[in-house]
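Survey of secondary and tertiary structure
If you want the building blocks of each chain, they are given just below.
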Amino acid sequence: QAMSPQLSIACSVVGTAMASPLASAAGATSGPGSATPAIAALPATTGPPPTNSPSQQQPQVGSPAPAVALPALAVGVKTGPPVKFGVTDPISLQEPSESDRLLSDKMREDLEAEFPTETVEGMARRQAVLREIEHMFAEWAQGVAAEAGAADDSLRQGVKVTTLGSYRLGVVHPGSDIDTLCIGPPNVRREDFFASFVVQLDQHPDVTECVPIPDAYTPIVKLKMRGVCIDLLFARLAQALPPGGDPEEEAKDDAVLSNMDEKSVRCMNGFRVADQILQLVPNQDTFRQTLRFVKYWARRRGIYSNVLGFFGGITWSLLVARVCQLYPYYAPSQLANRFFRLYLQWHWTKPVMLCEIVEPRSDPGLAGLKVWNPKTNAADRQHVMPVITPAFPAMNSTYNVTETTKRILLEEFRRGFETVRLVEQQKATWSKVCEPFPFFEQFHHFISLEVLANSDEVYNKFSGLVESKLRILVMQLEAVKGMYIHPNPLQYDLCGSDLDWPLGCAMFIAMSFSKDAGAHPGLTVDLRGPVTQLMDVINQWAEKDAFAGQFKLRVRRISSAELPEYARDPAAAMAKRRQQLQQQQQQQAQVVRVDGEPPGTKRPGGAGAESEPPGAKRARTEGGK
């Protein structure tokens, strides 16, 4: 029933300095203090799930719900002792059967074959890199503190490097980065961290990439040391620690946030959330195994991206942790089934929470911290699929979700549930559950955004900017009558397809047309307005003039027949690129220099200077970040 209306897009945006425009048990409510999880009956339709306007959704946080008896168990089924994790009693205390354990073992084996955990050697390399960064940060922080007049015996107090995210949760694979938090004392400023410490990092012989992003919502330094990717955050303590105090232990107490600046609170809470997740799940090993599967599935299905309006790593962790709380004795294969079923049926007007939301205390230093509360905050009532972090101050980890990404997520939960059921019936394999989403086969019309740059610094900054603003285009396209859209979170290496620009990637948004969306034969869909609004935002980039002539953004509407090879077959495009580079090297090797220097001799700025093949650092894989 798909139709292809006439499309109009008058904005091939190619300006160098960009120019514009171009049940569970019951359908009870749930919230802090409620007795049952907020899940509804399984929808009967298989099309795009109906969603209410966010303005019509009024979460009833704190409303009571009737108690629900646990379902009757079959004869011979074993149950564990009564326990309670989180805000409700468990749905089931059933223990796994032998067949459940065998199915979980098969799930783990198949996952290990496709998405292996980090090797012992790889973990040792990561730990060595962390020790090196901790040593560098400690020396630098002590030096800055000494310059600020700190006493000798207090120089080391309040200095700590710790981890958060997937590394702290114990879900590490060879391609993953390490989210790292540097905790500094009150006399070490954030400005110093992003200035003098970044200089030290950049000058380290083992650091091959170092990109500071101090103006981000959560300021970060992205670097690569000895092949290990690191995301470095900084939190400044608001008050000195007592003698002998451990910054990592102090960070677990809410009082550490008193009078702390907002950016430090966000960075510190990354560590605090990961730590609390591990404390709030019944079995950490089972949690980790299930989370590995869910994260791999989400990546393969193209729904792993917080910045684009899907779910990010912390949200997937919170969702898995909640399922573990509700089924404390289940095996990973059983939890995978319940994961998909639970969130397909969930009443998304209600938040997913691991614990009660803690309101601000009387401490004046904490009074300014905003806690997620849809009763008092109008913006919080607009959130489409709220998943709340457990650490104070409670925040919604899914504030970027739109009606479009919600529809796609629910479709994937449905498919996941149905496919896991087939696996349980021995009619499918676990690899079928995690089959890649056929993005370029599923759709026939696309908006292509090619980001081009001539240096690593400009590329990293500009591509990050475009990625962070792409959600604006998604939200504007949602309002265009006659079509559904489907953003793709993957970035595709251009593989040298544009010889004028050594670095580049492409991002895609698919468009589909149907009667359900209001399409009809002869309809004209004008894309100029949404693209113009995106360009207006990107044109406000503070460093646009500083990097004039060094970047380009090209926006086009293309059909499936016009897809470039780097999108249709990335492996073939990359292989062709390698072959081209090899031919170039062979041609250079045949050059006889009059001055007798061997081919490839480096000369500053000279024609014989060699560098890494263009775009080599930018290759993206499905398992990459």
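Residues numbered from 1 in each chain as written. Predicted model: local features only at pLDDT ≥ 70, side-chain atom pairs only at ≥ 80, totals over all residues. Heavy atoms only, no water.

What follows is about the overall build of the chain. Within the chain, the regular secondary structure consists of 17 helices and 11 strands. If you sum the accessible surface of the chain, you get close to 28000 Å²; carbon and sulfur atoms cover 50% of it. (Helix = DSSP H or I, 4+ residues; strand = E, 2+ residues; numbered from the N terminus. Areas by Shrake-Rupley, 256 points an atom, 1.4 Å probe, with all protein chains shown as cover.)

Under the 1.5 Å per step criterion, the end-to-end length of helix H8 (residues 313–326) is 21 Å for 14 residues, consistent within 8% with the ideal 20 Å. A large share of H8 lies buried, amounting to 12 of its 14 residues. Buried within H8 are the following residues: Thr315, Trp316, Ser317, Leu318, Leu319, Val320, Ala321, Arg322, Val323, Cys324, Gln325 and Leu326. Among the structural elements, helix H3 (165–169), helix H6 (262–280), helix H7 (284–300), helix H9 (332–345) and helix H11 (403–424) are those in contact with the buried residues of H8. (Expected span 1.5 Å × (residues − 1). Buried < 20%, exposed > 50% of the residue type's maximum accessible area, 1.4 Å probe, protein only. Contact = heavy atoms within 4.5 Å.)

All right, on to unusual backbone geometry then. In this chain, Phe392 is followed by Pro393 through a cis amide linkage whose omega measures -5 degrees. Positionally, Pro393 belongs in the loop between helix H10 (378–381) and H11. Of note in the backbone geometry, Arg226 takes a positive phi value of approximately 55 degrees without being a glycine. If you trace the backbone, Arg226 turns up in the loop between strand E5 (220–225) and strand E6 (228–236). In this structure, Gln426 takes a positive phi of about 60 degrees despite not being glycine. When you line up the elements, Gln426 lands in the loop between H11 and helix H12 (430–433).

What follows deals with the sheet that holds strand E8 (residues 483–493). Taken in spatial order, the four strands of this open sheet run E8-E9-E7-E11, and their pairing is antiparallel. With one partner strand each, in any of the chains shown, E8 and strand E11 (551–559) form the two edges of the open sheet. Neighbouring strand axes in the sheet, compared pairwise and without regard to direction, differ in orientation by 15 degrees on average. Sheet analysis places strand E7 (residues 445–453) next to strand E9 (residues 503–513), joined by nine bridges and oriented antiparallel. When the sheet's bridge partners are listed, His445 is paired in E9 with Met511. (Pairing = 2+ DSSP bridges. Axes fitted to C-alpha atoms, helices over the stretch in contact; angles between N-to-C directions.)

Attention now goes to the packing of aromatic side chains. The full count for this structure, using the stated rule, is 38 aromatic pairs. Ring geometry for Trp297 and Phe339: centres 6.3 Å apart, planes at 80 degrees, overall edge-to-face. A residue pair is termed long-range when its members are at least 10 positions apart, and Trp297 in helix H7 and Phe339 in helix H9 qualify at 42 residues. Judged by its relative accessible area of 0%, Trp297 falls in the buried class. The exposure class assigned to Phe339 is buried, which follows from its relative accessible area of 1%. Of the aromatic side chains, those joined through ring pairs into one cluster are Trp297, Phe311, Trp316, Phe339, Phe340, Tyr343, Trp346, Trp348 and Phe413. When the ring centre of Tyr217 is taken as reference, the NZ or CZ atom of Arg266 above it lies at 3.7 Å. Its guanidinium or amino end placed over the ring of Tyr304, Arg299 lies 4.0 Å from that ring's centre, counting from NZ or CZ. (Phe/Tyr/Trp six-rings, centres within 6.5 Å; stacked < 30°, edge-to-face > 60°. Lys NZ or Arg CZ within 6 Å of the ring centre and 35° of its normal.)

Attention now goes to the nonpolar core. Among the nonpolar cores identified, the biggest contains 96 residues, and Phe287, Phe293, Trp297, Trp316, Phe339, Tyr343 and Phe413 are the most heavily contacted of them. Residue contributions to this core peak at nine residues, all from helix H14 (residues 456–478). Of all hydrophobic cores here, the second largest spans 30 residues; its members include Val159, Leu201, Val207 and Leu232. (Core = buried A, V, L, I, M, F, W, Y, C linked by side-chain atoms within 4.5 Å.)

A word on the state of the cysteines. Summed over all chains, the structure comprises zero disulfides. Cys267 provides the cysteine sulfur closest to Cys182, a residue in no disulfide bond, and the two sulfurs are 9.9 Å apart. (Disulfide = S-S within 2.5 Å.)

The strand order E2-E3-E6-E5-E4 describes an open sheet built from five strands, whose pairing is mixed. Looking along the sheet, the strands with just one partner apiece sit at the ends: strand E2 (160–164) and strand E4 (207–213). On average, each strand axis in the sheet is tilted by 25 degrees relative to the strand beside it, whichever way the strands run. Pairing between E4 and E5: six bridges, direction antiparallel. Within E5, the position partnered with Ile213 by the bridge is Ile220. Each of E2, strand E3 (178–184) and E6 touches H6; the most contacted strand, E6, lies at about 120 degrees to it.

In this section: the packing of helix H1 (residues 98–114) against H7. Packing of H1 against H7 leaves a shortest axis separation of 11 Å and a crossing angle of 50 degrees. Between H1 and H7, the angle falls in the class oblique. Crossing of H1 over H7 shows left-handed handedness. Side by side, H1 and H7 meet where Met107, Arg108, Leu111, Glu112 and Glu114 of the first sit next to Gln289, Arg292, Phe293 and Tyr296 of the second. (Parallel < 35°, antiparallel > 145°, perpendicular 65-115°, else oblique. Left-handed = near helix turned anticlockwise from the far one by under 90°.)

Before going further, it helps to examine the pattern of salt bridges. Counted according to the given criterion, the structure contains 27 salt bridges. Among the salt bridges present, the one from Lys106 reaches Asp110, with a minimum N-O distance of 3.2 Å. Of this pair, Lys106 and Asp110 both sit in helix H1, four residues apart, which is roughly one turn of that helix. The exposure class assigned to Lys106 is partly exposed, which follows from its relative accessible area of 41%. Between Glu248 and Lys160 there is a salt bridge, with the nearest N and O atoms lying 4.0 Å from each other. (Salt bridge = Lys/Arg side-chain N within 4 Å of Asp/Glu carboxyl O.)

Turning to the confidence of the model for the chain, a few remarks are in order. Averaged over the chain, the pLDDT score is 83; the fraction of residues at 70 or greater is 81%. This model gives residues 1–71 a pLDDT under 50, and the stretch forms 183 contacts once residues within four places in sequence are excluded. Taken as a whole, residues 599–625 scores under 50 in pLDDT and shows 50 contacts with residues more than four places along the chain or in a different chain. (pLDDT = per-residue confidence, 0-100.)

Looking along a regular strand, one sees side chains alternate from face to face of the sheet. In terms of residue burial, E11 counts as a mostly covered element, since seven of its nine residues are buried. Sheet topology places E7 next to E11; nine bridges connect them, and they run antiparallel. Among the inter-strand pairings, Leu452 is bridged to a residue of E11, identified as Lys552.

Direction vectors running N to C along H8 and H9 enclose 110 degrees, while the axes themselves pass 10 Å from each other. Relative to H9, the element H8 lies roughly perpendicular. Across the interface between the two elements, Trp316, Leu319, Val320, Arg322, Val323, Cys324 and Leu326 from H8 touch Leu335, Arg338, Phe339, Leu342 and Tyr343 from H9. Among the residues forming the contact of H8 with H9, the class breakdown is 10 nonpolar, no polar and two charged. (Nonpolar A, V, L, I, M, F, W, Y, C, P; charged D, E, K, R; others polar.)

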